[in-house]
Amino acid sequence: MPEVRAALAIARKELRTLRRYPLQSINTVAQPLYQFLIPSVLLGSTFLVAGRAVGFQASAGTADVSGFLFLGAFVGGQGGAAFWGSAFAFRLEMMSGTLEPAWLTPTRRETFVVGYLLASLVVQVLGGAVLLGIGAVFFGARFFGAALAALPALVLVEVGLVGMSYLVASGVLLMKEANFFVDSTNFLFSAASGTMFPITVMPGLVKVIALLLPTTYALDILRSQALGTRPVLPGWSEYLALAGLGLLAVLAGRWTFARAERRLRRSGSLGQY
Amino acid sequence: MTAAMLDLRALSAAALKEVWVIRRYPALWAGMLFWPVLLPAVYVLQAHAYAGGDPRATAAFLSRSGTSQIAGFIFLGWSVYMWLSMALWGPGTALRQQQVQGQLEAVFLTPASRAAVLFGPVVAYLALTLWMLFVVGVALRLAFGVTLGAGEAARALAVVVASTPAIYGIGALFSSAVLRWREVNGLVQVVRGLFTVFCGMTYPIVILPGWAQHVAYSLPPTYVIGDFRLVLLRGANLAQVAPDLLILLGSGALLCILAAVAFRATERYARGGGSLVQF
C-alpha cells in the first residue's frame, strides 16, 4: 500500500510539472498528427483507385486507412509514454540533480518507474482520445463503438509497457547521452508494433520481433474489433500472447533494472550525466 | 586587413567552433546514419502496404507522382525533412544554446560581425547535410537498387547549392525567434510540422486541395523536394528546373535578409530589456 501511495504521489508530481509546459501537452496531439498521421494519410491517398484503398484492403484487410492509422497512433502514443514519459524521466531527474535525493527516500526504486509511467499514460490516453476524435471528425475514421470491445486488451498491454519502461530506464541510467537511444528505440518499437502498417508487409526478421512485442497484439485486437481486420492469431490466443509477453517483459525489465541500479550504486555514477 | 576579410575570419572561427562542438557528440553522428535510412524506410514499407500488390494502386501512384520508384520518391522527401530538422535544431538553436550556456553576452561584446555569429553554425552544418545526403544515396542504392549516376549526383548538388540560402535562411530566422521567445522544442515542432504537412515529403503536391497547394508553393522546401525528385528520379536537366532554382535563390536571399533584420531587432530588444542572459 505505501508503494501504491508513493507511485500516485510521483505521478501527481509529474503531472504538476507537465502542467507548467502547455506547449508540450499540445505536442502530444500535434506531433503525431504532423509527423506521422497526415503524411501517412496523404501517402495513402496517392494509391487510391477511384477513391478506394484497394491495395490496402488486400494487405491489411480494411480500406479504412484513417481508422487503421489513428488506432495505431493511439497505441503508439502509449508506447511513447513508456519510453519518453517514464524511462526518460530518470534522465531529467539526473539533469536536475534530484535523482540521488529521490533514491534516498524509503520508496523502492521500481516504484519510480511505475509513477512516471502512470503520469505519462494519463497524458497519452487523453491525447490519444483527442487524436481519435480528430480522426473521426476530420479524416472520416470509423472505429468508436466497436473499439470498446478491445478495452481489456488495452488494459492488459499496460503490464507489458511497465516492463518496457524498466528495460529502457536501465539503458537511460547507464548512458550519459540517452536522447538518441530513447528516440531511436521508441521509433523502432512503434514501427515494429505495426502502428503504421500491417505486420504482413514487414521483412522476415522484423516480423519475428514484431510478434514478440505485446503492443503488436493489443493493436491487432483493437483493429480487428474496430475495423474488422484479419487478426494475427486466432481467437483468445492473442490475449494469451499479450498477457504472457507482458509478464515476460515485466520480469526481464525488473531484473535488468535491478542490475543497472546495483551497477550505478557501486560505481557512484548516479549523479553523473 | 579589410572589414570583409575580418568578417570572413570571424565566420570561419564561428564555424570551426561549431564543428568542435558537433565532434563531441557521437550520438549525433549515429543519428545521421540511423534517421536518414530508417525514417523513410518505414514509410516505404507503409507504401507497400498501400500498394498491396495491386497493379491498379501502383498505377495510381505512378500517375500522381510521375515515377514508379516508390523508395526513391519517399527517401528524397524525407531527406529534405532531415535537412530542415538539422537547420532548425542546429543553427536554429545555436544562439539559444549560447544564451543558456551564458556565452552569448561574451560573444556580443566581441567586435565580430553579427552576420558571423548568425551564419557561422550554418557552414558547419552544411558538411553534416552533405554527409546525410550521401547516406541517403548509399541506402537507396544498396537497399532499394536505385542507381544514381555521376550526372544525376552533380545536378542534385546544384539543387543543394541553390537551396542552401533558403534552408539556412529559415534556420537563421528561426534562431532569432527562439532567442526572442526562449522556447525551442515547441517552436521546432510547429515550424517543422508546417513543412511536413504542406511540402510533399511523402506525397505529390497534386493530391492536395487547391488552397493547400497555394500554401505549399509559397514554401521553399516544396521546390527543393520537387527538384530533387525531378533531377534524380525523372532525369530532368538543370534547364528544366531552372525556374524553380531561381525561386529558391530569390527566396533564399529574402529569407537571409529577413533573418538579419529579425536578428538586429531581437538584439535591440534583448539589450533594451536586459534579457540576453535570461533563459
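What counts, and at which threshold
Residues numbered from 1 in each chain as written. Chains lettered and ligands numbered in written order. Predicted model: local features only at pLDDT ≥ 70, side-chain atom pairs only at ≥ 80, totals over all residues. Helix = DSSP H or I, 4+ residues; strand = E, 2+ residues; numbered from the N terminus. Rg over C-alpha atoms; globule rule 2.2 N^0.38 Å. Buried ≥ 20, exposed ≤ 12 C-beta atoms within 10 Å, placed from the backbone. Contact = placed C-beta atoms within 7 Å. Axes fitted to C-alpha atoms, helices over the stretch in contact; angles between N-to-C directions. Parallel < 35°, antiparallel > 145°, perpendicular 65-115°, else oblique. Left-handed = near helix turned anticlockwise from the far one by under 90°. Nonpolar A, V, L, I, M, F, W, Y, C, P; charged D, E, K, R; others polar. Core = buried A, V, L, I, M, F, W, Y, C linked by C-beta atoms within 7 Å. pLDDT = per-residue confidence, 0-100.

## Points about the overall build of chain B
- Secondary structure summary: chain B contains 12 helices and 0 strands in total.
- For chain B, the sequential pattern of α-helices and β-strands runs α-α-α-α-α-α-α-α-α-α-α-α.
- Taken against the 2.2 N^0.38 rule, which gives 19 Å for 279 residues, the C-alpha radius of gyration of chain B at 20 Å falls within 12% of a compact globule.
- Expressed as a percentage of the 279 residues in chain B, the buried residues total 43%.
- Sequence separation of 24 or more characterises 82% of the internal contacts of chain B that already satisfy a separation of 6 or more.

## Description of the overall build of chain A
- Within chain A, the secondary structure is distributed over 12 helices and 0 strands.
- For chain A, the α and β elements follow one another from N to C terminus as α-α-α-α-α-α-α-α-α-α-α-α.
- Computed over C-alpha atoms, the radius of gyration of chain A comes to 19 Å, within 12% of the 19 Å expected from 2.2 N^0.38 for 273 residues, which places it in the range of a compact globule.
- Based on the C-alpha atoms only, the size of chain A along its principal axes is roughly 65 × 40 × 35 Å.
- Counting over 273 residues, chain A shows a buried share of 47%.
- Long-range pairs, those at least 24 residues apart, make up 81% of the contacts in chain A between residues at least 6 apart in sequence.

## Some words on the packing of helix H2 (residues 26-51) of chain B against helix H7 (residues 114-144) of chain B
Residue and element names in this part refer to chain B.
- Contact pair H2 / H7: the axes reach a minimum separation of 9 Å and the direction vectors enclose 50°. Between H2 and H7, the angle falls in the class oblique. H2 and H7 meet at a crossing whose hand is right-handed. For the pair formed by H2 and H7, the contact residues are Met 32, Leu 33, Pro 36 and Val 37 on the first element and Leu 128, Trp 131, Met 132, Val 135, Val 136 and Ala 139 on the second.
- Grouping the constituent residues of the contact of H2 with H7 by class yields 10 nonpolar, no polar and no charged.

## Quick word on the environment of Phe70(A)
All names here are of chain A.
- Structurally, Phe 70 is set in helix H4 (residues 65-96).
- For Phe 70 and Leu 154, which are 84 residues apart along the polypeptide, the C-alpha to C-alpha distance reads 15 Å.
- Non-local contacts of Phe 70, meaning those with residues more than four positions away in its chain, are made with Leu 37, Leu 131, Leu 132, Gly 135, Phe 139 and Ala 141.

## Some words on the interface of chain A and chain B
- Opposite the 35 residues of chain A that make contact, chain B presents 34 residues.
- Looking at the side of chain A that touches chain B, the elements with two or more residues in it are helix H2 (22-46), helix H3 (54-60) and helix H9 (179-192) of chain A.
- Sort the elements by how many residues they give to the side of chain A that touches chain B and H2(A) lands first, with 14 residues.
- Tallied by class, residues from the side of chain A that touches chain B come to 22 nonpolar, 12 polar and 1 charged.

## Observations concerning the environment of Ala216(B)
All names here are of chain B.
- Residue position: Ala 216 is located in helix H10 (residues 210-217).
- Using a count of 20 C-beta atoms within 10 Å as the deciding quantity, one classes Ala 216 as buried.
- Sequence separation between Ala 216 and Val 197 is 19 residues; the distance between their C-alpha atoms is 8.9 Å.
- Discounting residues that sit within four places of it in the chain, Ala 216 has contacts with Phe 198, Cys 199, Gly 200, Ile 205, Leu 208 and Thr 222.

## So, the nonpolar core
- The biggest cluster of nonpolar side chains holds 155 residues, and the ones touching the most others in it are Leu117(A) and Leu222(A).
- Excluding residues that lie within four positions of it along the chain, Leu222(A) makes contacts with Leu71(A), Val75(A), Ala147(A), Ala150(A), Ala153(A) and Leu154(A).

## Let's talk about unusual backbone geometry
- Despite not being glycine, Ala50(A) shows a phi value in the positive range, around 50°.
- Mapped onto the elements, Ala50(A) comes out in the loop between H2 and H3.

## Brief notes about the packing of helix H4 (residues 70-89) of chain B against helix H11 (residues 220-233) of chain B
Residue and element names in this part refer to chain B.
- Where H4 contacts H11, the axes come no closer than 9 Å and their chain directions differ by 140°. Like other packed secondary-structure pairs, H4 and H11 cross with a definite hand, here right-handed. Each of Gly 72, Phe 73, Leu 76, Gly 77, Val 80 and Leu 84 in H4 lies in contact with H11, whose residues at this interface are Pro 221, Val 224, Ile 225, Phe 228, Arg 229, Leu 232 and Leu 233.
- Of the residues that constitute the contact of H4 with H11, the class distribution is 10 nonpolar, 2 polar and 1 charged.

## Re the confidence of the model for chain A
- Averaged over every residue, the pLDDT of chain A is 87; residues scoring 70 or more account for 97%.
- Per-element mean pLDDT across chain A ranges from 68 in helix H7 (residues 144-147) of chain A up to 93 in H3(A).

## Comments concerning the confidence of the model for chain B
Residue and element names in this part refer to chain B.
- The share of residues in chain B with pLDDT of 70 or more is 97%, and the mean pLDDT across the chain is 86.
- Mean pLDDT across the elements of chain B bottoms out in helix H5 (residues 91-100) (75) and peaks in helix H3 (residues 55-65) (95).
- Overall fold confidence for the complex sits at a pTM of 0.88, while the interface term, ipTM, reaches 0.89.

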